[in-house]
Amino acid sequence: MKMKSARIIAGICIVLICTSGPALAADNCLQCHQAELETLQASSHPVVACSDCHLGDPTASSRQGAHKGMVVEADGLAIMEQTCGKCHGPRVETYATSIHATVQGLKDGAVHMLGADFGAFVGENRCGKCHATCASCHLTLDAEGAPIAHTFTTQPDSQNCKACHDQTGTGYVGYEGVFEPSVHAQAGMSCVDCHGGQEMHGTGVRETRMAEVVQVSCLDCHAQSRNIIAHKLHADTLDCSACHVDWYYNCYGCHGYDRETTKELGYEKFNTNHYLARRMDNGKIGSIVHIPMSEAVGGPEYLHGAWVFKDRHSTQRKAKECQDCHMNAQVFVMDQYREAPFLGAVAGEFLPKEQVMNEILIFKSHAKLLPLKPGNTPDSECLQCHQ
């Protein structure tokens, strides 16, 4: 009872602090901004004054005076500490070094691919456009995907995430009339059901790439049954994404740049091919996407693109069949572009062509030696020998 009473008293104190001064300041702003009054009262911050978020001087008698120092986007990274940080200090402090705020992984990738000078320019002026702020995630969206003013939510919807993570988000929610939503989306799950606070808000330590940030694993929820033959055979060699990712975008369209004009060079073809490679950190084979970040954009054979281990989240219960990989050498990174650097989980290191050939030679042998055409071999036939 004592603990409960203490919480009630603390709550009353917070309300009194928030309403005793700022509410009057908010009224001064609303003398001119009557149209925002109803929205503000129905918002998730009804006791927060306008000036607490948007700054300015609510006591001034002129428009110019009231708007001096005012900001429209109150959650900008440069002023977040003065606005959102008033109430959400610990979150704002750790967020400043998070990968969502710095986009450091993309910037480092640009420098690695394009050189220090041009890569730094691309990192800041192109990749840097994707900085997320509080409102990017926490403002509720309407049916058209537009943010609803002042209506914040503690649990962002998947559509908020998709607004920035379009390719992975589309894999998750599906592509109407073409691809079904992932099994998790069909079950009513949202991105934040798996990706929680520290992944989003950071830890206070400067993060450099996504592999350092993601903490969740499929096996946190799904026991890998050894009664399933594929699990029995591949538990120690395959990542879940190798078999259960259904389709995904590859990153063509915005990662090529003309050095002279700094304009983007688009790639028009829509590629949903599924590619695999062996991870250097754990030795398992997982799904990868191709990023043709270069001065000239080409297809997946382009030598100067990057391959990144990434789960596009189009997860389905039904897994790939044996022949999808063991009779299809094209699913693996081929000879002509094996020297592309692997980013993400392996920090941009080059993987020597000879090493990759040794890693996946068995799969090419299967594809060449089996006297059957890809797509015509049922799993049951393969499993007669592979138990």
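Described below are features of the structure shown in this document. Everything numeric here is computed off the predicted structure, so don't read it as measured data.

**Description of the overall build of the protein**
Part 1: In terms of helices and strands, the protein carries 20 helices and six strands.
Part 2: Counting every position in the protein, which comprises 387 residues, the buried fraction comes to 35%.
Part 3: Of all intrachain contacts in the protein linking residues separated by at least 6 positions in sequence, the fraction that spans at least 24 positions is 62%.
Part 4: In the structure as shown, the protein presents an accessible area of about 22300 Å², 57% of it carried by carbon and sulfur atoms.

**Structural notes on the nonpolar core**
Part 1: The biggest cluster of nonpolar side chains holds ten residues, and these are Val245, Tyr248, Tyr275, Ala277, Ile288, Val289, Ile291, Trp307, Val308 and Phe309.
Part 2: If you list the elements that add at least two residues to this core, you get β3 (275–278), β4 (285–291) and β5 (306–309).
Part 3: Listed in part, the eight residues of the second largest apolar core include Leu238, Cys243, Cys325 and Phe332.

**A look at the environment of Gly119**
Part 1: Along the chain, Gly119 turns up in helix α9 (residues 116–125).
Part 2: Judged by its relative accessible area of 0%, Gly119 falls in the buried class.
Part 3: Taking the C-alpha atoms as reference, Gly119 lies 8.1 Å from Asp108; in sequence the two are eleven residues apart.
Part 4: Beyond its immediate stretch of four places on either side in the chain, Gly119 contacts Ala110, Val111 and Leu114.

**Overview of the side chain of Ser314**
Part 1: For Ser314, the position within the fold is in the loop between β5 and α18 (322–326).
Part 2: Engagement of the side chain of Ser314 in a polar contact is seen with the backbone oxygen of Trp247, the distance being 2.4 Å.
Part 3: Ser314 has contacts with Gly171, Ser182, His244, Val245, Asp246 and Trp247, leaving out every residue within four places of it along the chain.

**Notes on the state of the cysteines**
Part 1: By the definition in use, this model includes zero disulfides.
Part 2: Of all cysteine sulfurs, the one in Cys161 lies closest to Cys137, which takes part in no disulfide; the gap is 6.2 Å.

**A few points about the pattern of salt bridges**
Part 1: The full count for this structure, using the stated rule, is five salt bridges.
Part 2: The shortest N-O distance in the salt bridge between Lys162 and Asp166 comes to 3.1 Å.
Part 3: Between Glu212 and Arg209 there is a salt bridge, with the nearest N and O atoms lying 3.8 Å from each other.
Part 4: Judged by relative accessible area, which is 24%, Arg209 ranks as partly exposed.

**Description of the pairing of β4**
Part 1: Within β4, seven of the seven residues are buried, which leaves the element mostly enclosed by the surrounding structure.
Part 2: Where β3 meets β4, four bridges bridge the pair, whose relative direction is antiparallel. When the sheet's bridge partners are listed, Arg278 is paired in β4 with Ile285.
Part 3: As judged from the four bridges shared by β4 and β5, these two strands associate in the antiparallel manner. Residue pairing for β5: Val289 is matched across the bridge by Val308.

**Quick look at the environment of Glu381**
Part 1: For Glu381, the location among the structural elements is in helix α20 (residues 379–382).
Part 2: For Glu381, a relative accessible area of 37% translates into the label partly exposed.

**Here we look at the packing of aromatic side chains**
Part 1: Under the criterion given, the structure shown has two aromatic pairs.
Part 2: A centroid spacing of 3.9 Å and a plane angle of 10 degrees characterise the contact between Phe179 and Trp247, whose relative ring orientation is stacked. Residue Phe179 is located in the loop between α12 (166–173) and α13 (183–186), and its partner Trp247 is located in the loop between α17 (240–244) and β3; the two are separated by 68 residues in the primary sequence.

**Some words on unusual backbone geometry**
For residues that are not glycine, phi is negative in most cases, and the peptide bond is trans in most cases.
Part 1: The backbone of Leu55 sits at a positive phi, close to 60 degrees, despite the residue not being glycine.
Part 2: Along the chain, Leu55 falls in the loop between α4 (50–54) and α5 (63–67).
Part 3: Although it is not a glycine, Val103 adopts a positive phi angle of roughly 50 degrees.
Part 4: Examined against the element boundaries, Val103 turns out to sit in the loop between α7 (99–102) and α8 (104–114).
Part 5: Here Val103 falls in the buried class, since its relative accessible area comes to 7%.

**Structural notes on α12**
Part 1: All buried positions along α12 are accounted for by Thr168, Gly169, Thr170, Gly171 and Tyr172.
Part 2: Contact partners of the buried residues in α12: α11 (158–164) and α13.

**Things to note about the packing of α8 against α9**
Helix-helix packing is described using two parameters, namely the angle between the two axes and the distance between the axes.
Part 1: In the contact formed by α8 and α9, the axes pass within 7 Å of each other and the chain directions differ by 150 degrees. Regarding the angle of α8 to α9, the classification is roughly antiparallel. Here α8 and α9 pass one another in a crossing that is right-handed. For the pair α8 and α9, contact is made by Lys107, Ala110, Val111 and Leu114 and by Ala116, Phe118, Gly119, Ala120, Val122, Gly123 and Glu124, respectively.
Part 2: Of the residues that constitute the contact of α8 with α9, the class distribution is seven nonpolar, two polar and two charged.

**Brief notes about the environment of Gln41**
Part 1: Relative to the helices and strands, Gln41 resides in helix α3 (residues 37–41).
Part 2: On a C-alpha basis, the gap between Gln41 and His150 in space is 9.3 Å, while along the polypeptide they are 109 residues apart.

**Quick look at the side chain of Thr94**
Part 1: Here Thr94 lies in helix α6 (residues 89–95).
Part 2: A distance of 3.2 Å separates a polar side-chain atom of Thr94 from the backbone oxygen of Arg91.
Part 3: A polar atom in the side chain of Thr94 sits 3.0 Å from the backbone oxygen of His201.

Conventions we followed
- Residues numbered from 1 in each chain as written.
- Predicted model: local features only at pLDDT ≥ 70, side-chain atom pairs only at ≥ 80, totals over all residues.
- Heavy atoms only, no water.
- Helix = DSSP H or I, 4+ residues; strand = E, 2+ residues; numbered from the N terminus.
- Buried < 20%, exposed > 50% of the residue type's maximum accessible area, 1.4 Å probe, protein only.
- Contact = heavy atoms within 4.5 Å.
- Areas by Shrake-Rupley, 256 points an atom, 1.4 Å probe, with all protein chains shown as cover.
- Core = buried A, V, L, I, M, F, W, Y, C linked by side-chain atoms within 4.5 Å.
- Polar contact = N/O pair within 3.5 Å; in protein donor to acceptor, adjacent residues only side chain to side chain.
- Disulfide = S-S within 2.5 Å.
- Salt bridge = Lys/Arg side-chain N within 4 Å of Asp/Glu carboxyl O.
- Pairing = 2+ DSSP bridges.
- Phe/Tyr/Trp six-rings, centres within 6.5 Å; stacked < 30°, edge-to-face > 60°.
- Axes fitted to C-alpha atoms, helices over the stretch in contact; angles between N-to-C directions.
- Parallel < 35°, antiparallel > 145°, perpendicular 65-115°, else oblique.
- Left-handed = near helix turned anticlockwise from the far one by under 90°.
- Nonpolar A, V, L, I, M, F, W, Y, C, P; charged D, E, K, R; others polar.

Purely geometric numbers; function is a separate question.
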